[in-house]
Amino acid sequence: MKKIYQYFEKLYNENRMTQAFLIGNVVYDDIKVELEKTINDFIFKNNIELEENPDIYIIKTEDGYLSKEKIKELLNNLSHTSQFNNTKLYIIEDCEKMSDTVYNAMLKTLEEPSPGIYAILLTNNIDAVKPTIVSRCQKIFVNSSKERKEKDENIVIESTEIIENLEKYGIESIAKFNKIYTIINDREKFLKVLYVMMDKYKDALYELVNDENIKKDDIIFMKNDINSISKKILIIDKYISLTSNYLNKNLTIDRFIIEMWG
């Protein structure tokens, strides 16, 4: 028996079940089997496969973002009568990738859920989930698998290479660092790189402000002061939001470079 099942079992036995849950450090495919048993035992009390249950709606990312059309369809479906036990449930994978439009559409459903409507939100980056979503959910965190840790390490390595080259060449990176367009091969990868960049520039800012552990040979410290790092953090945050809706990957990367180093 795994952690998710045990968590729901404890809540159920103690009569502490709410209607919204946030599960961290996971992707849908990795926990599908356990999630199916959990939902069947403690919410629907039947034995129907997740993707066969007409009252369960599973929303996944498309090209690295959550489609507002899918969310609109979901909200419409939730307004209809359920087929089993007056219960409906929706699962949203990568909930941290909600655009502001999607987030605003979903917020009322989370804040004031109708009776019998449950939400299970999945994320592999809890730090990127909007605080108002986190505060409205019961939370459970699953240890990442070895394979996912290795993937995360690769993202950090690639993101570090990107930072070093962009800081080295500045705006000329558009011509001199063509590898960036290969490393960032889709919208999802761009978001992952941006999150790593955000962490690295925030760490650098903290060290500069507190004047501690500064590595004099680190290119961020060589090229930036407190004001320029603060500015870059704001730009990165802006592009984390914008990337949820971008249409042209390479053009967006170019614009990002121009704003960061222009």
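Because the structure is a prediction, the values reported are computed rather than measured.

*Asks:* Sorry if this is basic, but what is going on with the pattern of salt bridges here?
*Replies:* Between side chains of opposite charge, a pair can form when the charged atoms approach closely. Considering all chains together, one arrives at 16 salt bridges under this definition. Notably, a salt bridge pairs Glu111 with Arg136, separated by 2.8 Å at the nearest N-O pair. Placement of Glu111 in helix H4 (residues 100-111) and of Arg136 in the loop between helix H5 (131-134) and strand S5 (138-141) is noted, with a sequence separation of 25 residues between them. Residue Arg136 is classed as partly exposed on the basis of its relative accessible area, which comes to 32%. For the salt bridge of Lys176 with Glu172, the shortest nitrogen-to-oxygen distance reads 2.9 Å. Ionic contacts of the salt-bridge type, sharing partners, join the residues Asp94, Lys97, Glu188 and Lys192 into one network.

*Asks:* Sorry if this is basic, but what is going on with helix H3 (residues 68-78) here?
*Replies:* Because an α-helix completes one turn every 3.6 residues, residues spaced three or four positions apart along the sequence face the same direction. Among the residues of H3, Ile71, Leu74, Asn77 and Leu78 are the ones counted as buried. The buried side chains of H3 occupy one side of the element, clustering within an arc of 120 degrees when seen end-on. Of the exposed residues in H3, the ones pointing more than 90 degrees away from its buried face are Lys68 and Lys72. If you follow the buried residues of H3, they end up packed against strand S2 (56-59), strand S3 (88-92), H4 and strand S4 (117-123).

*Asks:* Would you mind showing me how to read the side chain of Glu34 here?
*Replies:* Mapping Glu34 onto the fold places it in helix H2 (residues 28-44). Apart from residues no more than four positions distant in its own chain, Glu34 is found in contact with Lys2, Lys3, Ile4 and Tyr5.

*Asks:* Explain the nonpolar core here, please?
*Replies:* Buried together is how nonpolar side chains tend to be arranged in soluble globular proteins. Ranked by internal contacts, the top residues of the largest apolar core, which has 32 residues, are Ile162, Ile180, Met197, Tyr201, Ile236, Phe256 and Trp261. Every element with two or more residues in this core is listed here: helix H6 (146-169), helix H8 (179-183), helix H9 (187-210), helix H10 (219-223), helix H11 (226-242) and helix H12 (249-261). At 10 residues, H9 tops the list of elements feeding residues into this core. Ile180 has contacts with Ile162, Leu166, Ile253 and Ile257, leaving out every residue within four places of it along the chain. Ranked by size, the runner-up nonpolar core spans 24 residues in total, among them Val102, Tyr103, Leu107 and Val129.

What counts, and at which threshold
- Residues numbered from 1 in each chain as written.
- Predicted model: local features only at pLDDT ≥ 70, side-chain atom pairs only at ≥ 80, totals over all residues.
- Heavy atoms only, no water.
- Salt bridge = Lys/Arg side-chain N within 4 Å of Asp/Glu carboxyl O.
- Helix = DSSP H or I, 4+ residues; strand = E, 2+ residues; numbered from the N terminus.
- Buried < 20%, exposed > 50% of the residue type's maximum accessible area, 1.4 Å probe, protein only.
- Arc of directions from axis to C-beta.
- Contact = heavy atoms within 4.5 Å.
- Core = buried A, V, L, I, M, F, W, Y, C linked by side-chain atoms within 4.5 Å.

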